[in-house]
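# Observations on the model geometry
One-letter residues, chain by chain:
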2 protein chains.
Amino acid sequence: MIVVKVGGRTLKNIEAIARDLINHQPFVLIHGGGDFVTQYSKKMGVEPKIVTSPSGVRSRYTDEDELEVFVMVMAGKVNKEIVSKLLDLGIKAVGISGVDGPTLVAERKKRIVVLEKGRRRVIPGGFTGKIREVNTSLLNSLLAEGYNVVLAPLARGMEGEMLNVDGDQAASEVAKALRPRYLVLLSDVDGVIYEGQLIKKLSWNESIQLAEKIGPGMNRKLLMAGRVAEQQIHVVIASGLVEEPIKRALAGGGTHITALELS
Amino acid sequence: MIVVKVGGRTLKNIEAIARDLINHQPFVLIHGGGDFVTQYSKKMGVEPKIVTSPSGVRSRYTDEDELEVFVMVMAGKVNKEIVSKLLDLGIKAVGISGVDGPTLVAERKKRIVVLEKGRRRVIPGGFTGKIREVNTSLLNSLLAEGYNVVLAPLARGMEGEMLNVDGDQAASEVAKALRPRYLVLLSDVDGVIYEGQLIKKLSWNESIQLAEKIGPGMNRKLLMAGRVAEQQIHVVIASGLVEEPIKRALAGGGTHITALELS
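Read on for an overview of the structure. (Residues numbered from 1 in each chain as written. Chains lettered and ligands numbered in written order. Predicted model: local features only at pLDDT ≥ 70, side-chain atom pairs only at ≥ 80, totals over all residues.)

### A short note on the sheet that holds strand β5 (residues 93-97) of chain B
Residues and elements named next belong to chain B. Spatial ordering of the open sheet is given by β5-β10-β2-β1-β13-β17-β18-β16, a layout of 8 strands whose pairing is mixed. For this open sheet the edge positions go to β5 and β16 (201-203), each flanked by a neighbour on one side alone. Strand-to-strand twist of the sheet, defined as the mean angle between neighbouring strand axes without regard to direction, takes the value 20°. Of the pairings in the sheet, the one linking strand β1 (residues 2-6) to strand β13 (residues 182-187) comprises 5 bridges and is parallel in character. Across the sheet, the residue bridging to Lys-5 is Leu-185, located in β13. Together, β16 and β18 (255-258) form the strand contacts of helix α6 (residues 204-211), whose direction differs from that of β16 by roughly 100°. With respect to the sheet, helix α7 (residues 218-230) is in contact with β13, β17 (234-239) and β18, its orientation differing from that of β17 by roughly 150°. (Pairing = 2+ DSSP bridges. Helix = DSSP H or I, 4+ residues; strand = E, 2+ residues; numbered from the N terminus. Axes fitted to C-alpha atoms, helices over the stretch in contact; angles between N-to-C directions. Contact = placed C-beta atoms within 7 Å.)

### A word on the pairing of strand β13 (residues 182-187) of chain A
Residue and element names in this part refer to chain A. The buried count for β13 comes to 5 of 6 residues, which makes it a mostly enclosed element. Where β13 lies against strand β17 (residues 234-239), 6 bridges are found, and the strand directions are parallel. Note on β17: the bridge partner recorded for Leu-183 is Val-235. (Buried ≥ 20, exposed ≤ 12 C-beta atoms within 10 Å, placed from the backbone.)

### Points about the environment of Gln-25 of chain B
Residue and element names in this part refer to chain B. Looking at where Gln-25 falls in the secondary structure, it is placed in the loop between α1 (14-21) and β2 (27-31). For the pair Gln-25 and Tyr-147, spaced 122 residues apart in sequence, the C-alpha to C-alpha distance is 9.0 Å. Among residues more than four places away in sequence, those in contact with Gln-25 are Ile-91 and Asn-148.

### Here's the deal with the interface of chain B and chain A
On the chain A side, the residues contacting the 30 residues of chain B number 30 residues. Those elements giving two or more residues to the side of chain B that touches chain A turn out to be α3 (64-88), β5 and α4 (137-144) of chain B. For the side of chain B that touches chain A, the element with the most residues is α3 of chain B, which contributes 12 residues. Of the residues that constitute the side of chain B that touches chain A, the class distribution is 14 nonpolar, 8 polar and 8 charged. (Nonpolar A, V, L, I, M, F, W, Y, C, P; charged D, E, K, R; others polar.)

### Comments concerning the environment of Asp-190 of chain B
Residue and element names in this part refer to chain B. If you trace the backbone, Asp-190 turns up in the loop between β13 and β14 (193-194). Separated by 59 residues in the primary sequence, Asp-190 and Ala-249 have C-alpha atoms spaced 9.7 Å apart. Residues contacting Asp-190, with those up to four places away along its chain left out, are Leu-198, Ser-239 and Gly-254.

### Some words on the sheet that holds strand β12 (residues 162-164) of chain A
Residues and elements named next belong to chain A. Taking strand neighbours across the sheet as the criterion, the 4 strands line up as β9-β6-β11-β12 in an open arrangement whose pairing is mixed. If you trace the sheet from one side to the other, it starts and ends with β9 (129-134) and β12, each paired once. Each strand axis lies, on average, 50° off the axis of its neighbour in the sheet, ignoring direction.

### Regarding the relation of the copies chain B and chain A
For the pair of chain copies, the relating transformation is a rotation about an axis with a translation along it. The operation relating chain B to chain A is a screw motion whose rotation component is 180°, with 0.0 Å of axial translation and a residual RMSD of 0.0 Å. Both chain copies can therefore be described as sitting about a two-fold axis. Every residue of chain B has its C-alpha some distance from the rotation axis, and the shortest such distance is that of Gly-76 of chain B, at 2.0 Å. (Least-squares fit on C-alpha atoms with pLDDT ≥ 70 in both.)

### Observations concerning α7 of chain B
Residue and element names in this part refer to chain B. Between its terminal C-alpha atoms α7 stretches 18 Å, which fits the 18 Å expected from 13 residues at 1.5 Å a residue. Burial in α7 covers these residues: Met-218, Lys-221, Leu-222, Met-224, Ala-225, Gly-226, Val-228 and Ala-229. Against α5 (167-178), β13, α6, β17 and β18 lie the buried residues of α7. Downstream of α7 by a residue or two, Gln-232 has a phi angle that is positive, lying close to 65°. (Expected span 1.5 Å × (residues − 1).)

### Quick look at the pairing of strand β10 (residues 148-152) of chain B
All names here are of chain B. Among the 5 residues of β10, 5 are classified as buried, and the element is accordingly described as predominantly covered. Here β10 shows no split at all, with Asn-148, Val-150 and Ala-152 on one side and Val-149 and Leu-151 on the other all buried. Where β2 meets β10, 3 bridges bridge the pair, whose relative direction is parallel. Residue pairing in the sheet places Ile-30 in a bridge with Leu-151 of β10. Sheet analysis places β5 next to β10, joined by 5 bridges and oriented parallel. By the bridge assignment for β10, Gly-95 is matched with Val-150.

### Points about unusual backbone geometry
Residue and element names in this part refer to chain A. Between Gln-25 and the following residue, Pro-26, the backbone shows a cis peptide bond with an omega angle of -10°. Here Gly-101 and Pro-102 are connected by a cis peptide whose omega angle stands at -5°. Positive phi values are uncommon outside glycine, yet Arg-179 reaches one of about 50°. Relative to the helices and strands, Arg-179 is located in the loop between α5 (167-178) and β13. Using a count of 14 C-beta atoms within 10 Å as the deciding quantity, one classes Arg-179 as partly exposed.

### A few points about helix α6 (residues 204-211) of chain A
Burial in α6 of chain A covers these residues: Trp-204, Ser-207 and Leu-210 of chain A. Summarising the axial view, the buried residues of α6 of chain A lie within an arc of 125°, below the 170-degree limit, and thus occupy one face. (Arc of directions from axis to C-beta.)

Quick look at the structure:
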């Protein structure tokens, strides 16, 4: 069994990814789709809200309206379109979200401090959560019955609210809980690029060390990948935009992160 | 096990319905939500398309844009909000759509004849399907593992496309395939009203006969309910807008349709 994360920007290559998945069953596929959320938020007139932290970092804030679009796009459109593509190829597939079961339980920041016109203000935390618990029972039941699972990155909050969660975090936490042979993180980059070079291999601790020196986006991915690899699960960060992306990744493509202390 | 259909207009009473469902597990809950589809179609600037049949009947036409909204609202928003409400009450629940598995397979009309400015024209059939097959394996697996199922009225078409299907039809076909003790159809009416009176009991064939004499909406419901009852499944058509709607329905409320030839 493998766990695969397909980033939102690899979804335009979903046909090739799906064809490749025929040979990698059973699988749990966690998908992104943030660009679609942005697109449909605009269509529905939901203005993106950007907040600035006291240290000056600007980030997107998920308010209730945007969460609604997130649920519709992720658990509705993207999830069911992927399931349809898999069924087209004869792959038995079921699409669920982290809310179902519930499978993913997350914690939301109750309050956050933001800078507004140079002044600190405390506002309610957005509808974004950090995953605290993965319940594997539904995933295991479906896998045992021969279904591959397509999982939308939503979680159930501690107070019953729905929360959006980061796709890489969802994939990493699911991998730690299910202990697959591989966790394959497919995105629009060829792997970990550092000082202009593709890094082929990293030990789990090198991955965590490198996370501190590398650009935003990849830093979080490396940190999470390192923690998964530490638990003896082989992680690959590779391109999802090629033919046979998973086969290539498992054959040595991209960046491999393993539990070895020295590579 | 029971199968319950909650019409879109009963969703405002979903808290009471969910509380009542605590005592009626395991269940498969099929939901509507057409009014939400209309609302979000408007928000997204999708104009409802109305077509007129050669016999003069006007009906809503689901084009590709509207199907997209249908998928987002039904499999995303409505489905996950119901699952969340059930989880709030400690009811183990999983939300799927008919596409997942696939569970519902439907046939789409390839072409339809419409009147346009008084002239007949042949146009491609909309993205609406008639259910041809119910695969019970996913439903049965989930029920066997102790999960209650919330099913969105989507189906997989013969050519792999997603189709919207009528919620009453989905509930009736699921009931015929799963053979629950009861099929309870909850909507915003108290039951079958004929000549100003609530009809308490109907045999399956009376139900089908009455379908021809009664107003639109209820006629199709009665026809489908009759066909389900013919197969020895007890059907109740009752209000979903009261406290304990299922308990009341099973205790004799609403209209009961059974396999008895004479009541």
